Amino acid sequence: EKNQGKMMAIIMEEGVAHVYLVSSGTTKLKCKIEKSISKRKAFGGKTDKQINKFFENIVQQLEVHFNPSENGHELLDSIKSVVIGSPGFYREHFHNYVKAIIEKNPKKSTVLSDLMSKSILAHTTSGYKHSLTEILQNKDIMKRMNEVGC
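Caption draft 1: Seen up close, the environment of His95. On the secondary structure map, His95 appears in helix α5 (residues 90-104). Once the C-alpha coordinates of His95 and Asp77 are considered, the two residues, 18 residues apart in sequence, prove to be 20 Å apart. Other than its neighbours up to four places away in sequence, His95 contacts Ile84, Met116, Ser119 and Leu121.

Caption draft 2: The packing of aromatic side chains, seen in detail. Evaluation of the coordinates by the stated rule reveals four aromatic pairs. Measuring from centroid to centroid gives 5.9 Å for Phe54 and Phe55, while their planes differ by 35°, and the two rings are tilted. Note on accessibility: Phe54 and Phe55 belong to one class, buried. Considering the side-chain rings of Phe55 and Tyr90, the 6.0 Å spacing of their centres and the 85° angle between planes classify their relative orientation as edge-to-face. Taken together, the residues span a long stretch of sequence, with Phe55 in helix α2 (residues 45-65) and Tyr90 in helix α5 at a distance of 35 residues. As far as the burial class goes, Phe55 and Tyr90 line up, both buried. Each member of the aromatic cluster is reached from another via a ring pair, and the members are Phe54, Phe55, Tyr90, Phe94 and Tyr97.

The rules behind each value
Residues numbered from 1 in each chain as written. Predicted model: local features only at pLDDT ≥ 70, side-chain atom pairs only at ≥ 80, totals over all residues. Heavy atoms only, no water. Helix = DSSP H or I, 4+ residues; strand = E, 2+ residues; numbered from the N terminus. Contact = heavy atoms within 4.5 Å. Phe/Tyr/Trp six-rings, centres within 6.5 Å; stacked < 30°, edge-to-face > 60°. Buried < 20%, exposed > 50% of the residue type's maximum accessible area, 1.4 Å probe, protein only.

Right, here's the structure in full:
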């Protein structure tokens, strides 16, 4: 298992995200992020702020759990692909949110730029663990992961 890379899966939907590390024999939940988000009809602009705060919380957790200065470079280097899965357009919005952070401050966000350089976007039916199975059964995603040594 040392030679085989790990996959990180960020599975999300409105207000909930799970970050998993998946290797050949194990699936480990690294963190769960929850944030209540108002319905768009009633709150309009407030909803966008809440979604940005939710994305910010995910980014903070990624930086905490995968920070090389605290966890060593082994963990970050072992991750060969990052699959971001969600129903709807959440994965694209999150991916664009993180890319904007990296562009604003490239030196500060080395963990993020490393993870996003390995990202694959995938459709899932929810933001919960059973959606991990959908990702692992998707032939296109598995082909791309095999190409990078996952």
